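One letter stands for each residue in the lines below.
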Amino acid sequence: MPFLSHHPILRLILSPQHLGRSMAMGLKSIWLHRLRSFLTALGVVFGVASVVAMLAIGEGASHEAQEQIRKLGSQNIILQSVKPSDSSGATNETRSMILEYGITTRDIQQIKQTVPGISIVVPSRQIADVAWAGQKKEDSQIIGALPIYPQMRNRTLLQGRFFTDLEIEDRAAVCVLNEALASKLFPLNTPTGKAVRVQRHYYKVIGVIEDESSFSPGDTGKSSASNDSSAQLYIPFSTLMDQYGETFFRYRSGSFEAEKVEFHEAVIRVGDIKEVETRAEAVRHILERNHKKNDWRMVVPVELLRQAERTKQIFSIVLGSIAAISLIVGGIGIMNIMLASVTERTREIGIRRALGARQVDIVLQFLIETVLLSGVGGILGVVLGLGIPVAVSHFAGVTTVIKPWAPILAFSVSVITGIAFGIYPARRAASMNPVEALRHE
Amino acid sequence: MAGAPQSGTSAVSRAVEPIISLQDIRKSYQQGEFTTHVLQGVTLDIMPGEYVCIMGPSGCGKSTLLNILGGLDQPTSGVYMLGGQDIAQLNDDELSQARCTKLGFIFQSYNLIQQLSVLENIEVPLYYKGMKDSEMRPIAERLAAKVGLSHRMHHKPTELSGGQQQRVAIARALANEPLVILADEATGNLDSKSGNEILDAFDHLNREGKTLVFVTHDERMVERCSRIIRLKDGFVDSDTRTKRALMAA
Ligand SMILES: Nc1ncnc2c1ncn2[C@@H]1O[C@H](COP(=O)(O)OP(=O)(O)OP(=O)(O)O)[C@@H](O)[C@H]1O
Ligand SMILES: [Mg+2]
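Given the structure is predicted, the values throughout are model-derived calculations rather than measurements.

Colleague: Can you explain the overall build of chain A? Please cite residues and give values.
Modeller: Secondary structure assignment for chain A yields 16 helices and 13 strands. Looking at chain A as a whole, 49% of its 441 residues qualify as buried. At a minimum sequence separation of 6, the contacts of chain A that also span at least 24 residues come to 79%. When the accessible surface of chain A is split by element, carbon and sulfur atoms take 61% of a total near 21400 Å².

If you want it as structure tokens, here you go:
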């Protein structure tokens, strides 16, 4: 049938010439109303740009969060001792009393014995003190740790090395600085080989380790809560026990405080990553039974990761809604302009119908125009939207991640919006009575 | 025009089928409680090669009749056969295709598309017929030359005089070699000189064998056409062959 081969959609698809001609016609009429078309496309431009930019920034934020959580070790369960919040009142009343809290040897023993599938339990202790290097000093956390510590916490040594088992046995006077402390005490030269003093004791620096990720709640027992780049000085666990014993004395607000904390932190490694959460539950049970006070806390990086993913999902939903709204607004703008254009060109539609244009020809003519309008707006929006994250990472130092599908998605959605909002004006144009259209002034 | 089937001016031929056949065509408009009866039973046949003039006082329904003949408007009742085909049986697409290939329109106000050049305007019916770009261009150029506009092919309608615009419209109406050309007061907007030029062009077309249906107030046409149909209040008041037709017969 000749009618089938003459079907305008088939014709457009089969013949690039006709497509080119229809597009040229659409572009011409867009160009005829430059300012109007530009302002209309602007709605789409901003819609698409905001989607692309927000996706990139959102992906960047969640990427950063996930990286930090991963650093904590996804197979780990981290136990931390927390100074109970009601204890400050107790110390004021009974000044001589020694405040005892936190993770105990008994806890660790029970966990090792009753929770299956646990490979290593690595405890550590920490004390707040002042680290000296020559005339320079810095308030630091002095952390007693085991050789396995960097591996357990996914932390890289930037210089030198960590302790050996031998140094633990020997209770050696060696230390490893974190980046923050190293840069404070040795701003100009390499710290390795130098000496750091804490109180009366000197420690030889054997390495520098990278700072802890911000997701680790760090020095929780102290009122001067540390931030992510707080100074840390690592010494062998055994050395710390030697120097400080089991009870720490501190002078604070006009009175002595005595605290006894066996372990400030213990890292439990679970063999199978899938079992981390169930094992964490078991550990929680043991600790809940052993501790009357709320003097401990458990951090499960896998759970944090899952939370971060959930947050990202919510973020995506919010983002999607904003994107949908902005694109709907853009689409309404297009529809508005196309309705005006249809009214303006009523006469032309009448002429075309009189000369043999079918309804579908007219629909296509207007639809191509809206698709061009939204398509060009979409391209400009993608360009703008790719520029914003680049500028944001450059000037604000925020990580942004541009997923390759994001601009493609935003662009396709803008074109689909063009079609969705262009259909009605186009159909209205096509369904006009030719006689009345011809009479239109 | 190439391939014109009819010979000379022997317009009326008993043996041939009519191109247009109207049977009791009525058209009325409903406006609230009132019904305006514009056409009240028009019956007529138009044979190939005829040069028909439809005349009558303003408001008698001439344009309404021509719009029905052109497939732009549907009658309230009656049968309209175009080239042996019942127009009422066609769907919208087929009717559009019939307008495209079987009918050529010429309007009082030219009705050219302002954004398009002379050649592009002439190409519009060819485009809707489904012709390739490469085929369209030579046809449009030949038609532009035929109406004497070879030097204005790339101009826009606003850059042309009224007479020139109407000649573009004639070229456009001829593009698909229609069965019949319909013109509604084609000279109505023109001064007598360019009006006469246009009428000369129509005479020429008729001599080539084209069937023409004209709506006009212009009594000069009486000299040129072969048949005059006078309408009055929606009826055919008179239907006469002119001297020219009788002479040719
Ligand atoms: N859409 C419509 N609704 C109602 N009445 C209409 C409509 N179109 C035309 N008419 C009426 O039909 C009658 C005939 O109109 P038509 O345009 O056919 O007249 P005409 O013979 O062409 O007049 P003229 O010589 O002035 O062009 C007029 O009275 C007009 O008012
Ligand atoms: Mg009229």
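Colleague: Give a detailed account of the overall build of chain B, specifying residues and quantitative values.
Modeller: Looking only at helices and strands, chain B has eight helices and 10 strands in total. For a compact globule of 249 residues, the expected C-alpha radius of gyration is about 18 Å, and chain B comes in at 18 Å, within 12% of that figure. Seen through its principal axes, chain B has C-alpha atoms that stretch 50 × 45 × 35 Å. Contacts in chain B between residues at least 24 apart in sequence constitute 72% of all its contacts with a sequence separation of at least 6. For chain B, the centre of its 26 positive side-chain charges and the centre of its 30 negative side-chain charges are spaced 5 Å apart.

Colleague: Could you give an account of the sheet that holds strand β4 (residues 77–82) of chain B, with specific residues and numbers?
Modeller: Residue and element names in this part refer to chain B. With antiparallel pairing, the four strands of this open sheet are ordered in space as β2-β1-β4-β5. Among the strands making up the open sheet, the edge pair consists of β2 (34–46) and β5 (85–86). With two bridges joining them, β4 and β5 adopt antiparallel strand pairing. By the bridge assignment for β5, L82 is matched with Q85.

Colleague: Any details on the interface of chain B and chain A? Residues and values, ideally.
Modeller: Taken together, the contacts link 32 residues of chain B with 27 residues of chain A. Interface area for chain B against chain A, summed over the two sides, is near 2800 Å², with a carbon-plus-sulfur share of 53%. It is B:Q115, B:Y127 and B:Y128 that lose the most area in chain B upon contact with chain A, and together they represent 26% of the buried surface on that side. On the surface where chain B and chain A come into contact, there are two salt bridges. Among the ionic pairs, A:K28 bridges to B:E120, the shortest N-O distance being 3.4 Å. Inspection of the region where chain B meets chain A yields nine residue pairs in polar contact (both at pLDDT 80 or more). Among the secondary structure elements, those contributing two or more residues to the side of chain B that touches chain A are α2 (92–102), α3 (118–129) and α4 (133–146) of chain B. Taken together, the residues of the side of chain B that touches chain A break down into 13 nonpolar, eight polar and 11 charged.

Colleague: Please provide a residue-by-residue account of the side chain of A:S341, values included.
Modeller: Counting through the fold element by element, A:S341 comes out in helix α12 (residues 301–344). Among the residues examined, A:S341 registers a relative accessible area of 2% and is labelled buried.

Colleague: Before we move on, could you go through the site of ligand 1 and cite the residues and values that matter?
Modeller: Residue and element names in this part refer to chain B. In the vicinity of ligand 1, 13 residues are found, and the nearest of them are S58, G59, K62, S63 and T64. Measuring from an oxygen atom of ligand 1, one finds a side-chain N or O atom of E185 at 3.4 Å. Within the complex, the protein chains bury 68% of what would otherwise be the 630 Å² of accessible surface of ligand 1. Where the shell around ligand 1 is concerned, the elements lending two or more residues are β1 (20–31) and α1 (62–69). The element best represented in the shell around ligand 1 is α1, accounting for three residues. Residue composition of the shell around ligand 1, grouped by class: three nonpolar, seven polar and three charged.

Colleague: Explain the packing of aromatic side chains to me, using residue names and the numbers behind them.
Modeller: Residues and elements named next belong to chain A. Considering all chains together, one arrives at nine aromatic pairs over all chains under this definition. Pairwise contacts between aromatic rings join Y149, F162, F163 and Y234 into one cluster. In this structure, R34 packs its charged tip against the face of W31, placed 4.7 Å from the ring centre.

Colleague: Explain helix α11 (residues 276–290) of chain A residue by residue, including any values.
Modeller: The terminal C-alpha atoms of α11(A), which comprises 15 residues, lie 21 Å apart, in line with the 21 Å expected from a rise of 1.5 Å per residue. Those residues of α11(A) that are buried are in contact with β1 (76–81), α6 (105–114), β12 (265–270), β13 (296–299) and α12 of chain A.

Colleague: Just give me the short version of the environment of A:V198, but keep the residues and values in it.
Modeller: Residues and elements named next belong to chain A. Residue position: V198 is located in strand β7 (residues 195–198). In sequence terms V198 and G385 are 187 residues apart; their C-alpha atoms lie 53 Å from each other. Those residues within four positions of V198 in sequence are excluded, and the remaining contacts are D129, V130, A131, I142, Y203, L233 and Y244.

Colleague: Give a description of the pairing of β12(A) that names residues and reports values.
Modeller: All names here are of chain A. In terms of burial, β12 is largely enclosed, as six of its six residues are buried. Across the two faces of β12 the burial is the same, with E265, V267 and R269 and A266, I268 and V270 all buried. Alignment of β1 against β12, held across five bridges, turns out to be antiparallel. Each residue of the ladder has a partner; that of N76, found in β12, is R269.

Colleague: How would you sum up the sheet that holds strand β7 (residues 180–184) of chain B? Please name residues and give values.
Modeller: All names here are of chain B. Pairing is mixed in the open sheet, where six strands are placed in the order β6-β7-β8-β3-β9-β10. The open sheet has two edge strands with one neighbour each: β6 (103–106) and β10 (235–241). The average angle at which neighbouring strand axes cross in this sheet is 15°, direction not considered. As judged from the four bridges shared by strand β3 (residues 51–55) and strand β8 (residues 211–215), these two strands associate in the parallel manner.

Reading the values: the criteria
- Residues numbered from 1 in each chain as written.
- Chains lettered and ligands numbered in written order.
- Predicted model: local features only at pLDDT ≥ 70, side-chain atom pairs only at ≥ 80, totals over all residues.
- Heavy atoms only, no water.
- Helix = DSSP H or I, 4+ residues; strand = E, 2+ residues; numbered from the N terminus.
- Buried < 20%, exposed > 50% of the residue type's maximum accessible area, 1.4 Å probe, protein only.
- Contact = heavy atoms within 4.5 Å.
- Areas by Shrake-Rupley, 256 points an atom, 1.4 Å probe, with all protein chains shown as cover.
- Rg over C-alpha atoms; globule rule 2.2 N^0.38 Å.
- Lys, Arg positive; Asp, Glu negative; His and termini not counted.
- Charge placed at Lys NZ, Arg CZ, Asp CG, Glu CD.
- Pairing = 2+ DSSP bridges.
- Buried area = accessible area lost by both parts, 1.4 Å probe.
- Salt bridge = Lys/Arg side-chain N within 4 Å of Asp/Glu carboxyl O.
- Polar contact = N/O pair within 3.5 Å; in protein donor to acceptor, adjacent residues only side chain to side chain.
- Nonpolar A, V, L, I, M, F, W, Y, C, P; charged D, E, K, R; others polar.
- Near = heavy atom within 4 Å.
- Phe/Tyr/Trp six-rings, centres within 6.5 Å; stacked < 30°, edge-to-face > 60°.
- Lys NZ or Arg CZ within 6 Å of the ring centre and 35° of its normal.
- Expected span 1.5 Å × (residues − 1).
- Axes fitted to C-alpha atoms, helices over the stretch in contact; angles between N-to-C directions.

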